[in-house]
Amino acid sequence: MARITLVDDDENIVTSVSLALESQGHSVRAYYDGASGLAALENDPPDLAILDVKMPRMDGMEVLRRLRRTSDLPVIILTSKDDEIDELLGFNLGADDYMHKPFSQRLLIERVKAVLRRASGGADESGDEPEESATRALRRGRLTLDPARHDCLWNDRPVKLTVTEFLLIQALAQRPGFVKSRDNLMDAAYDDQVYVDDRTIDSHIKRMRRKFREVDPEFDAIETLYGVGYRYRES
């Protein structure tokens, strides 16, 4: 079904996670340190990466930071640290989901399904395509979104977005001028089984703005309404 790269220095976790994912039909490649994992991800990108935070030779956050320089590959972060700072850092660096150890294999499988479903544009497990409205190109002023190809253009220049970032800007741009609360954006970008707090949405928006401003320093199309949410301002 999907090619997944797992990077974790704990052999027991690698074994159990690999078996769980392979039982669902996925192909799993495993690496036990960050440097080897990063090299594999860059040389032969899979459909999804699962990265542990604490690893030898390069930790998972640094792997993610370097990966995001060139790739919008979907990434799930694993950590044994129950620390919100780590979680926010992971989302700031562009992670698509986050799980604390210990976790159930069933929950991990559901998270993997959710991220892959979002990355594929919403196709269900039977392989049915999403409705045409979900895949049709969307143009709002200087913004062009092509969900079928996961392409985002601003002033006809490409902006590389992660799966989550793409879904957020799509949700905002679908109705310019209308306010989307953080709950609305969570519903648009995350599966029902996944809960994230307000700061996670804020972190994604902050990172997304930074990417657009690398293309256009005057970018101001995503407007913050403090205490309410965000809206897209068409220009």
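I will try to describe carefully the structure that is included in this document. (Residues numbered from 1 in each chain as written. Predicted model: local features only at pLDDT ≥ 70, side-chain atom pairs only at ≥ 80, totals over all residues. Heavy atoms only, no water.)

1. Considering the overall build of the protein chain
(1) Moving on: Regarding its fold elements, the protein chain presents nine helices and 11 strands.
(2) Moving on: A buried classification covers 49% of the 235 residues belonging to the protein chain.
(3) Moving on: Partitioning the intrachain contacts of the protein chain with sequence separation of at least 6 by distance along the chain shows that 59% fall at a separation of at least 24. (Helix = DSSP H or I, 4+ residues; strand = E, 2+ residues; numbered from the N terminus. Buried < 20%, exposed > 50% of the residue type's maximum accessible area, 1.4 Å probe, protein only. Contact = heavy atoms within 4.5 Å.)

2. Re the packing of aromatic side chains
(1) Moving on: Taken as a whole and assessed by the stated rule, the structure comprises three aromatic pairs.
(2) Moving on: Relative to Phe212, the ring of Trp154 lies with its centre 5.9 Å away and its plane at 85°, an arrangement referred to as edge-to-face. Residue Trp154 is found in strand S8 (residues 151-154), and its partner Phe212 is found in helix H9 (residues 198-215); the two are separated by 58 residues along the sequence.
(3) Moving on: Overall, Trp154 belongs to the buried group, its relative accessible area being 1%.
(4) Moving on: Ring centres 4.5 Å apart and planes at 10° place the aromatic pair Phe212 and Phe219 in the stacked group. You'll find Phe212 and Phe219 in the same group, each marked buried.
(5) Moving on: Members of the aromatic cluster, connected to one another through ring pairs, are Trp154, Phe212 and Phe219. (Phe/Tyr/Trp six-rings, centres within 6.5 Å; stacked < 30°, edge-to-face > 60°.)

3. Topic: the packing of helix H7 (residues 163-173) against helix H8 (residues 182-189)
(1) Moving on: Running from N to C, H7 and H8 point in directions that differ by 125°, and their axes come no closer than 9 Å. It follows from the interaxial angle that H7 and H8 lie oblique. Taken as a pair, H7 and H8 cross one another with a handedness that is right-handed. Residues Thr164, Leu167, Leu168, Ala171 and Leu172 of H7 form the contact with H8, whose participating residues are Leu185, Ala188 and Ala189. (Axes fitted to C-alpha atoms, helices over the stretch in contact; angles between N-to-C directions. Parallel < 35°, antiparallel > 145°, perpendicular 65-115°, else oblique. Left-handed = near helix turned anticlockwise from the far one by under 90°.)

4. A look at helix H1 (residues 11-22)
(1) Moving on: Here H1 spans 16 Å end to end across 12 residues, near enough to the 16 Å set by a 1.5 Å rise per residue.
(2) Moving on: Residues Ile13, Val14, Val17, Ser18, Ala20 and Leu21 constitute the buried set of H1. Down the axis of H1, the smallest arc covering the buried residues is 165°, so these residues share one side. Across H1 from its buried face, at more than 90 degrees, point the exposed residues Glu11, Asn12 and Leu19.
(3) Moving on: Those residues of H1 hidden inside the fold are in contact with strand S1 (3-7), strand S2 (27-31), strand S3 (48-52) and helix H5 (105-119).
(4) Moving on: Of the residues that open H1, the one with a side-chain oxygen 2.9 Å from the backbone nitrogen of Asn12 is Asp10. (Expected span 1.5 Å × (residues − 1). Arc of directions from axis to C-beta. Polar contact = N/O pair within 3.5 Å; in protein donor to acceptor, adjacent residues only side chain to side chain.)

Read these as spatial facts, not as claims about activity.
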